[in-house]
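Close look at the chain arrangement
Residues per chain, in single letters:
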Amino acid sequence: MHGRYRKDIYPGLEVSIILKKDQRSGKLTPGVVKDILTSAPYHSRGIKVRLEDGQVGRVAQIEG
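A brief structural summary. (Residues numbered from 1 in each chain as written. Predicted model: local features only at pLDDT ≥ 70, side-chain atom pairs only at ≥ 80, totals over all residues. Heavy atoms only, no water.)

Comments concerning the side chain of R58
Selection criterion: Working definition: helices are DSSP H or I runs of at least four residues, strands are E runs of at least two. Numbering for both runs from the N terminus. Categorising residues by exposure relies on relative accessible area from a 1.4 Å probe, with only protein chains included: less than 20% of the type maximum marks a residue as buried, more than 50% marks it as exposed, and the intermediate range marks it as partly exposed. Positive charges come from Lys and Arg alone, negative charges from Asp and Glu alone, with His and the N- and C-terminal ends not counted. We count a salt bridge whenever a side-chain nitrogen from Lys or Arg sits within 4 Å of a carboxyl oxygen from Asp or Glu. Nitrogen and oxygen atoms within 3.5 Å of one another constitute a polar contact, given that in protein one can donate a hydrogen and the other can accept it, and given that sequence-neighbouring residues count only through two side-chain atoms. We call two residues contacting when some pair of their heavy atoms lies within 4.5 Å.
Within the element layout of this structure, R58 appears in strand β4 (residues 56-62). No salt bridge is formed by the buried R58. Its closest oppositely charged neighbour is D22, at 13 Å. Engagement of the side chain of R58 in a polar contact is seen with the backbone oxygen of G46, the distance being 2.9 Å. What R58 contacts, discounting residues up to four positions off in sequence, is S16, I17, I18, T38, H43, R45, G46, I47 and K48.

Listed below in structure tokens is the structure:
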């Protein structure tokens, strides 16, 4: 499942994000959502989140 809709994402959810530095390669970084940073209900490239380890990126996949 893609992470384009804010309603599908919540703190504690396991996701894979694309970090800014990895946008060209598309490398995914797994983690658990701590904060949702995008206020819009939809974003075409994915909702921006902060993981529990502090990394920030756009949700590419919702795990599980």
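Anyway, onward from the coordinates.
Things to note about the pattern of salt bridges
Pairs may arise between side chains of opposite charge once their charged atoms sit close together. Here the structure, examined in full by the defined rule, presents two salt bridges. The shortest N-O distance in the salt bridge between D8 and K7 comes to 3.4 Å. Overall, D8 belongs to the partly exposed group, its relative accessible area being 22%. Of the charged contacts in the structure, one is a salt bridge between R50 and D35, with a shortest N-O distance of 2.9 Å. Here D35 lies in strand β2 (residues 29-36) and R50 lies in strand β3 (residues 48-51), a separation of 15 residues in the sequence. Taking the relative accessible area as the measure of exposure, R50 reaches 30% and is therefore partly exposed.

Describing the environment of Q55
Looking at the element boundaries, Q55 is found in the loop between β3 and β4. For Q55, a relative accessible area of 28% corresponds to the partly exposed category. Here the alpha-carbon distance between Q55 and K20, two residues 35 residues apart in the chain, equals 10.0 Å. Every residue in contact with Q55, bar those within four places of it in the chain, is listed here: I17, L19, T29, V49 and R50.

Describing the nonpolar core
Using the following cut-off: Think of a nonpolar core as a cluster: buried Ala, Val, Leu, Ile, Met, Phe, Trp, Tyr and Cys residues, connected wherever their side-chain atoms sit within 4.5 Å.
The biggest cluster of nonpolar side chains holds eleven residues, and these are I9, L13, V15, I17, L19, V33, I47, V49, L51, V59 and I62. Among the secondary structure elements, those contributing two or more residues to this core are β1 (14-19), β3 and β4. The element best represented in this core is β1, accounting for three residues.

Some remarks on the environment of T29
Examined against the element boundaries, T29 turns out to sit in strand β2. Taking the relative accessible area as the measure of exposure, T29 reaches 10% and is therefore buried. Once the C-alpha coordinates of T29 and A60 are considered, the two residues, 31 residues apart in sequence, prove to be 9.3 Å apart. Once residues lying within four places of it in the same chain are set aside, the contact partners of T29 are V15, S16, I17, L19, D22, L51 and Q55.

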